[in-house]
Amino acid sequence: MDGVFNYMQQIYMERATTRAEEVREKLRIKQNDIDNWIENNGIEKDMKEEIMKNINEKLEKDISADLDDIYSLLRPYTRKVVKRFVGMKTLRKVPMLSKVDGRVLKMMCDYLKPVKYQEDTMVFQMGVPFDRMVFITDGSMWTYTDHQTSHSGKATSGGLVTSSSMEAHFLEKGDAYGHMLLQLASSSFKALPISVANVKCQSKVEAFVLTANDLRNIVPACGDFWPAFDYNASQDEAVDQKAPAGPRKRTVATSNIHPTGYSG
């Protein structure tokens, strides 16, 4: 019996050693990418150590785990903490949300979904309804409109076209698109907004998305803490956006956002 036990123990130790070597090798290959992700998101030392611990545990259980999707490798509690940390900084960079009550932003963070878009992906299409807001955490997008004009210089949808004009803006880390969704959330989404621009990835993009369905849950849960955003897309720039200062009453936040959705 002792011989059988020792043999089984030896097999177990060999397998454990092999798995540990596989984990180390996979981490060695992807370590730079993981470190870049941690640095790009401003992750602090203690949180980085917890993330690496979670990644090691995940790989020990499943060596095929995707190291390009960090959030999927984290335990639920760690994922919530990291997402709140990164999400809060991301939301605060949006002028429309910069002074919104922290309790509202925390709840929004819990609903944020990490996404990745490949280069040249069309994320929003001009003239098409949209049901999500995108917050860029890495990479860049173009937002552009293409207006065709007739001989008289008036915009036209048909007939003889003599010229066209394009208006474009560059979106990068810290920028967002889809602000009108926040205003409509305050009025129970009687209709979805129409995108006034095309939004296309210039590079690979990492982002958070917040959907209309998410906001349907968030708004009633926040009660009077949720501000009644007043979206004004007729203004030229986003730098004059204002956000509600506190939770007392449902105040109105005037948001002067460029028609293309530029927010930086």
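Structure first, text after, so check above.
Basis of the calculations
Residues numbered from 1 in each chain as written. Predicted model: local features only at pLDDT ≥ 70, side-chain atom pairs only at ≥ 80, totals over all residues. Heavy atoms only, no water. Salt bridge = Lys/Arg side-chain N within 4 Å of Asp/Glu carboxyl O. Helix = DSSP H or I, 4+ residues; strand = E, 2+ residues; numbered from the N terminus. Buried < 20%, exposed > 50% of the residue type's maximum accessible area, 1.4 Å probe, protein only. 1 Å grid on protein atoms, 1.4 Å probe; cavity = no way out; pocket = protein on both sides within 12 Å on 5 of 7 lines; lining within 4 Å. Points joined across faces, edges and corners; volume = space filled by probe spheres on them. Nonpolar A, V, L, I, M, F, W, Y, C, P; charged D, E, K, R; others polar. Core = buried A, V, L, I, M, F, W, Y, C linked by side-chain atoms within 4.5 Å. Contact = heavy atoms within 4.5 Å. Phe/Tyr/Trp six-rings, centres within 6.5 Å; stacked < 30°, edge-to-face > 60°.

**Q** Help me understand the pattern of salt bridges in this model?
**A** Pairing between side chains of opposite charge can happen when the charged atoms of each approach one another. In total, this model carries 10 salt bridges according to the counting rule given. Arg75 is the partner of Glu57 in a salt bridge, and the nearest nitrogen-oxygen pair spans 2.5 Å. Within this pair, whereas Glu57 is found in helix 2 (residues 45-61), its partner Arg75 is found in the loop between helix 3 (70-73) and helix 4 (76-92), the two being separated by 18 residues in sequence. Judged by relative accessible area, Glu57 falls into the partly exposed class, the value being 26%. Residue class for Arg75 comes out partly exposed when judged on its relative accessible area of 34%. For Lys113, the salt bridge is made with Asp214, and the minimal N-O distance between the two is 2.8 Å. In this pair, Lys113 is assigned in strand 1 (residues 113-117) and Asp214 in helix 7 (residues 212-222), connecting sequence segments 101 residues apart. The exposure class of Asp214 is buried, given its relative accessible area of 6%. Put simply, Lys30, Asp33 and Asp68 are held in one network by salt bridges that share partners.

**Q** Would you take a moment to explain the layout of surface pockets for this structure?
**A** Using a probe with the size of a water molecule, rolled over the atoms, empty space left in the structure can be pinpointed. Volume-wise, the largest pocket comes out at about 400 Å³. As for the largest pocket, its lining consists of 17 residues, and the residues nearest its centre are Trp37, Asp68, Lys116, Asp138 and Glu206. Those elements giving two or more residues to the lining of the largest pocket turn out to be helix 1 (2-40), strand 1 and strand 8 (205-211). Its residues assigned to classes, the lining of the largest pocket comprises 6 nonpolar, 3 polar and 8 charged. Space inside the second largest pocket adds up to approximately 160 Å³. In terms of lining, the second largest pocket is formed by 14 residues, of which the most central are Trp37, Tyr71, Pro114, Lys116 and Glu206. Every element with two or more residues in the lining of the second largest pocket is listed here: helix 3, strand 1 and strand 8.

**Q** Any chance you could explain the nonpolar core here in plain terms?
**A** Within soluble globular proteins, side chains that are nonpolar tend to cluster in buried spots. If you look at the biggest cluster of nonpolar residues, it comprises 61 residues, and the most contacted ones within it are Ile55, Leu97, Met108, Phe135, Met141 and Trp226. Ignoring sequence-local partners within four residues, the contact set of Met141 consists of Tyr117, Val123, Val134, Ile136, His169, Phe170, Leu171, Val199, Lys200, Cys201, Gln202 and Val205.

**Q** Quick question: what am I supposed to make of the packing of aromatic side chains here?
**A** For any two aromatic rings, the description comes down to two numbers: the centre-to-centre distance and the angle of the planes. Applying the stated criterion across every chain, the model contains 6 aromatic pairs. When the ring of Phe124 is compared with that of Tyr177, the centres are 4.6 Å apart and the planes differ by 50 degrees; the resulting orientation is tilted. Of this pair, Phe124 sits in strand 2 (residues 122-124) while Tyr177 is found in strand 6 (residues 176-177), placing the two residues 53 residues apart along the sequence. Both residues of the pair, Phe124 and Tyr177, count as buried. Ring centres 6.2 Å apart and planes at 55 degrees place the aromatic pair Phe130 and Tyr177 in the tilted group. Of the two residues, Phe130 sits in the loop between strand 2 and strand 3 (132-138) while Tyr177 sits in strand 6, which places them 47 residues apart along the sequence. Among the residues examined, Tyr177 registers a relative accessible area of 4% and is labelled buried.

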